[in-house]
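Given next are the chains, with one letter for each unit.
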Amino acid sequence: MTGISRRRLLQIGLLTPLATSPLYRQTAALAACTPGRCNNPTRETGANPGNLPTIADFIWPISGAPDCYLIGDAFGPRLLGTDYDWHRGIDIQGNEGVTPVIASASGFVRISADCDERYRRCGKIIQIEGYDRNGQRYRMNYCHLDRRLVDRGERVTQGTEIGRVGCTSATWSHLHFEIREGDTPRNPYCYLPHLNLNNHSIVIESVTSNSMSINVSLRVTTPRNELDINEVRVRVLDSSGIEVDNKYINFNARHNCGTDDQCVMDGSTEICIFPENFWYDESNWETVFEFSGLASPGSGLVEVVAEARDCGGEVASARWSSS
Ligand SMILES: [Zn+2]
C-alpha cells in the first residue's frame, strides 16, 4: 500500500482496529501476552553427543505453517513499533502453551534455558546445532517458548516436539525462529519449503540526478506467503549501455550492512532502508530503499535498472531512463 500505513494510523488514533478481518480476529485472540522477564540469565552450553543425523533439509518449526499460521514479521528490515530494526528470524503465530514447536532439522540441543545471556530478547530459548553432509554448521534458535521439552546435550531428530509456543520476552504469542549458518542469521525462507511464485515486485518511485551523482528511491513489495526477498540492487548505465555503477544490499550476506544501521555507506553511495509497518491485515511486505550518491556518467542518456532477487533467484526488475 502507498501512503500512510494502517499501523501508523492506528498509532495516531485515526483508525480503530478492523474487527471484521479474519486475520486480525485470529491475531487479536492471541494478542494477550504478558511478557515474562529475564532476571537470571544463564550461559550453559550442551555438549555434542556425537552420531548426529545429517541435515538434509529443513521443515517448518510449526506443523501447518506458513499456510495455517500467520507470519508476523519477515526476516530483515522492519519497524519494531516506530524503531528501525534488523529482524534476525521470522515470527510465526501460535497459541500460548498449546501450539507444538518441532525441530526444523536434526542436531543436538546446544542451549535450553529460561533465559540465556547470549540471547536475552529470546525469552525461553532452545538452540539446536546440526551439520549438513559438507560439515556446514547450522544453529536454529527457537525463542519466546512457553515450555521447553528437551535438555542441553540431547540428540533431537527432525520433527521431534521440543517445546510449546509462548510469550516469554514477547508482546504476542509467537515463535521467533532463526536459522544461522555458522553464527550468521539467514533468511529462513531461503531454507524452508514455500511457494515460489515470483510474485514480488519492484517500483522505481523517483530518480534525481546531476552531473555528479544519482539518487534512486524504490519500493519492493512481496506477498505475505512468499517473504523470501534476499537482495535489492541498483545499476546505472550510460547511453551505450555500459555499467557505470552497481550497488546492492544482500539480506543474507548483509553486504556492506554489518550493523543494524538503517543507512550504510558503500563507497560514496549511501543505502537507506525504510520498512513499512507490517500489520496483521496487510497482505504485503513493503520496504522503500534509497540509494544516494550513485556514480553518474555525467551527460547523455542515463538508464537505471533496479532489481529485487528472492531466495530462489527469481528477479523482479524495473527500469528508468532519462530520455
Ligand atoms: Zn522475531
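Residues numbered from 1 in each chain as written. Predicted model: local features only at pLDDT ≥ 70, side-chain atom pairs only at ≥ 80, totals over all residues.

Draft legend 1. The arrangement of the confidence of the model for the chain in detail. Here the chain averages 86 in pLDDT, and 86% of its residues register 70 or above. pLDDT under 50 marks residues 1-29. Its contacts with residues more than four places away, or in other chains, come to 31 contacts. (pLDDT = per-residue confidence, 0-100. Contact = placed C-beta atoms within 7 Å.)

Draft legend 2. Looking closely at the sheet that holds strand S15 (residues 213-223). Taken in spatial order, the five strands of this open sheet run S14-S15-S20-S19-S18, and their pairing is antiparallel. Two strands bound the open sheet, and with one partner strand each, they are strand S14 (201-209) and strand S18 (263-266). For this sheet the average axis-to-axis angle between neighbouring strands, irrespective of direction, equals 20°. Inspection of the sheet shows S15 paired to strand S20 (residues 284-295) by 10 bridges, in the antiparallel sense. Within the sheet, the bridge partner assigned to Leu218 lies in S20 and is Phe289. (Pairing = 2+ DSSP bridges. Helix = DSSP H or I, 4+ residues; strand = E, 2+ residues; numbered from the N terminus. Axes fitted to C-alpha atoms, helices over the stretch in contact; angles between N-to-C directions.)

Draft legend 3. The nonpolar core, seen in detail. Residues Ile92, Ile125, Ile126, Tyr142, Val216 and Val304 are the most contacted members of the largest nonpolar core, which totals 61 residues. Residues in contact with Val304, not counting those within four places in the same chain, are Ile204, Val207, Ile214, Val216, Val234, Val236 and Trp320. (Core = buried A, V, L, I, M, F, W, Y, C linked by C-beta atoms within 7 Å. Buried ≥ 20, exposed ≤ 12 C-beta atoms within 10 Å, placed from the backbone.)

Draft legend 4. Geometry of the sheet that holds strand S16 (residues 229-237). Across the sheet, four strands lie side by side as S17-S16-S21-S22; this open sheet has antiparallel pairing. The open sheet has two edge strands with one neighbour each: strand S17 (243-250) and strand S22 (315-321). Sheet twist, expressed as the mean angle between neighbouring strand axes with direction ignored, is 15°. Relative to strand S21 (residues 303-310), S16 runs antiparallel, the two being bridged by eight bridges. Counted as the bridge partner of Leu237 is Glu303 from S21.

Draft legend 5. Focus on the environment of Pro77. Residue position: Pro77 is located in strand S2 (residues 76-80). Among the residues examined, Pro77 registers 25 C-beta atoms within 10 Å and is labelled buried. Placed 11 residues apart in sequence, Pro77 and Arg88 show a C-alpha to C-alpha distance of 9.1 Å. Here Pro77 is in contact with Trp86, Ile273, Pro275 and Thr287, once residues within four sequence places are set aside.

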